[in-house]
Amino acid sequence: MKNKLSILLLFFFIFSEVTFAEPFIFKTKEIEIKNNGNEIYAKDGKAFSTDNNLEIQAINFEYFKSTDLLKAYNGVAYIKSDNLKVEFNEIQFDQKKFNFIAKDDVKIFDIKNKLTIETELVNYNWNKKILKSKTNSVLKDQFKNIFNTQSFNYEINKNIIKIKDANFKDFDHNNFYV
């Protein structure tokens, strides 16, 4: 039994690369460390925050230690404490400002409140628990109501969404301009 476990661990370390950058742990197929460890470029895998609250699965990662900025491309991020799943083409996590910006075909799933948001650009401040966008967005709730809006501000802890210039379509296909 010990031999099987040893072989399994050896297999894991040979075929996966794990690197620790202070706020993130990378588990990817390929890692390149540059500039005396201040820049990390990784491909095809996952990055985890050290508190394990944030998990990002993506095709490419770029981490810059001096600015505490992580960029990820073509992937999914899970913010576990807020029950959020974010699909993105590009996302930037700024650990110093406690926020992220996701752009290009972004889909956000608020799992707890059963809300889906589709937008092109969104900003999330995880200290204040505020998700906002100033671009055209589509919000869909669990009752199949749809809001097409020019901008929104979603206070997750208070479960309050503020919208601007929206067209509301309910499940009976009634349209209302809000």
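Anything mentioned here points back to the structure above.
All figures in this text were calculated on a predicted structure; none of them were measured in a lab.

### Overview of the packing of aromatic side chains
Here is step 1 of the chain: Here the structure, examined in full by the defined rule, presents 11 aromatic pairs.
Here is step 2 of the chain: Where F147 meets F168, the ring centres are 4.6 Å apart and the plane angle is 35°; that geometry is what we call tilted. Of this pair, F147 sits in strand β11 (residues 146-155) while F168 sits in strand β12 (residues 160-169), and the two are 21 residues apart along the sequence.
Here is step 3 of the chain: The class for F147 is partly exposed, based on a relative accessible area of 25%.

### Remarks on unusual backbone geometry
Here is step 1 of the chain: Located in the positive-phi region is N83, a residue other than glycine, with phi close to 55°.
Here is step 2 of the chain: Note on placement: N83 falls in the loop between β5 (69-79) and β6 (84-94).
Here is step 3 of the chain: According to the relative accessible area criterion, N83 is partly exposed, its value standing at 33%.
Here is step 4 of the chain: Of note in this structure, K114 is not a glycine but carries a positive phi near 55°.
Here is step 5 of the chain: Looking at the secondary structure, you find K114 in the loop between β7 (99-110) and β8 (115-125).

So, how was this worked out
- Residues numbered from 1 in each chain as written.
- Predicted model: local features only at pLDDT ≥ 70, side-chain atom pairs only at ≥ 80, totals over all residues.
- Heavy atoms only, no water.
- Phe/Tyr/Trp six-rings, centres within 6.5 Å; stacked < 30°, edge-to-face > 60°.
- Helix = DSSP H or I, 4+ residues; strand = E, 2+ residues; numbered from the N terminus.
- Buried < 20%, exposed > 50% of the residue type's maximum accessible area, 1.4 Å probe, protein only.

It is worth stressing that arrangement in space is one thing and function is another; only the former is reported here.
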